[in-house]
Amino acid sequence: MDDRQICEEIKKAAEATQTLSRIPSFDEIWVIAEAEVARTTKPRRHYIGWVAAAAVMGLAVALWPSQKMELSDDYMIADALLNLTS
Amino acid sequence: MLDNNPHISKTALEDIHGELFGWSLSRCGFDNAVAENLMQQAYVELLSGRVKFDNQSALKTFVFGVVHNLARSRFRQQSTHLRLIDTFAVEQDDSSEGDHEHESLKAVWEAVESLPQRQRDITELVFIRDMTIEAAAHVMGVSLGTGRVHYDRAKKALAKKLEQLHREEFL
């Protein structure tokens, strides 16, 4: 029995086995896959939003002491300068 | 072209969809629902860019490999379970009478299914999906030399089984 004969017999047998199954259309599966990708990438955008909010909060907290410095009296500033130069 | 996989076009995937579904079916014991799920997972991997096609092989080889790996990793337990159900179902079906040609084709397919897993995979990829031994070995994740050994063994085993089937038919 040569390769071609084996190939033909197996192809026929495979076709007979697989024709029992309905092949879903490409679009049918593709649409679901696209929806799945959209669903799984959404939380990432949400996460980026939270990171941005946290960064703004962090910046506000970091700037807060300098604002306090502006409000402090001359003595505090002079003391700070003395500490730096000593 | 897909956003996350610039070397893959939707039309190219559509062209191999039928063949890919056949491959998915055989990966999960010919269960339609599982095969659809597997195809969907493969398309998700390609759409999201979790697997990247770099044009190093044919698209068909690459996508078949994606389905093969997904089936191995995510559906291993499920497919084994389904194969057991399928085997049981085939055993039950044997009691019903079918036409002679169908019975003979079923016997040929059973001969393919009785091969060890890797020999069965390479038989399917080369004989049914018209791949070269090199491409089939790539899909299976084995070297070309190993692929050739599996192919040669499968061919010899099948030739023996098919000749035996023909002899039984004539008796």
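Each residue is numbered by its place in its chain's sequence as written, counting from 1. Labels follow written order: the first chain is A, the first ligand is 1, and so on. Only residues with pLDDT of at least 70 are given local features in this predicted model, and only at 80 or more are side-chain atom pairs given and counted; all residues enter the totals for whole chains, interfaces and linings.

Caption draft 1: Just the overall build of chain B, in detail. In this text, helices come from DSSP runs of H or I with a minimum length of four residues, and strands from runs of E with a minimum of two, each type numbered from the N-terminal end. Counting its regular elements, chain B contains 9 helices and 0 strands. Along its sequence from the N terminus, chain B presents helices and strands in the succession α-α-α-α-α-α-α-α-α. Each residue is classed by its C-beta neighbour count within 10 Å, where at least 20 other C-beta atoms makes it buried, 12 or fewer makes it exposed, and intermediate counts make it partly exposed; the C-beta atoms are placed from backbone geometry. Expressed as a percentage of its 171 residues, the buried residues of chain B come to 39%.

Caption draft 2: Geometry of the confidence of the model for chain B. Per-chain confidence: chain B averages 83 in pLDDT, with 82% of residues scoring 70 or above. The ipTM, which scores confidence in the relative placement of chains, is 0.71 for this predicted complex, and the corresponding pTM is 0.67. Known as pLDDT, the predictor's confidence for each residue is given on a scale from 0 to 100.

Caption draft 3: Broad picture of helix α8 (residues 133-140) of chain B. Residues and elements named next belong to chain B. When you tally the buried positions in α8, you get 6 out of 8 residues, the bulk of the element. What α8 keeps buried is the set A135, A136, A137, H138, V139 and M140. Within two residues after α8, G141 carries a phi angle of roughly 75 degrees, on the positive side.

Caption draft 4: Quick look at the packing of helix α2 (residues 17-27) of chain B against helix α3 (residues 32-48) of chain B. Residue and element names in this part refer to chain B. Look at α2 against α3: their axes get within 8 Å of each other, and the N-to-C directions meet at 120 degrees. Taken together, α2 and α3 sit at an angle that is classed as oblique. By crossing handedness, the relation of α2 to α3 is classed as right-handed. Across from L20, F21, S24, L25 and R27 in α2, the residues of α3 making contact are A35, L38 and M39. Residues were grouped as follows: Ala, Val, Leu, Ile, Met, Phe, Trp, Tyr, Cys and Pro as nonpolar; Asp, Glu, Lys and Arg as charged; and all remaining residues, including Gly, as polar. The residue inventory of the contact of α2 with α3, partitioned by class, reads 6 nonpolar, 1 polar and 1 charged. Axis geometry follows a simple rule: fit a line to the C-alpha atoms, using only the stretch in contact for helices, then measure angles between N-to-C directions, giving values from 0 to 180 degrees. By the definition adopted for this analysis, an angle is roughly parallel if under 35 degrees, roughly antiparallel if over 145, roughly perpendicular if from 65 to 115, and oblique otherwise. Note: crossing handedness is left-handed where the near helix turns anticlockwise from the far helix by less than a right angle, and right-handed where it turns clockwise. By the criterion used throughout, residues are in contact when their C-beta atoms, derived from the backbone, lie within 7 Å.

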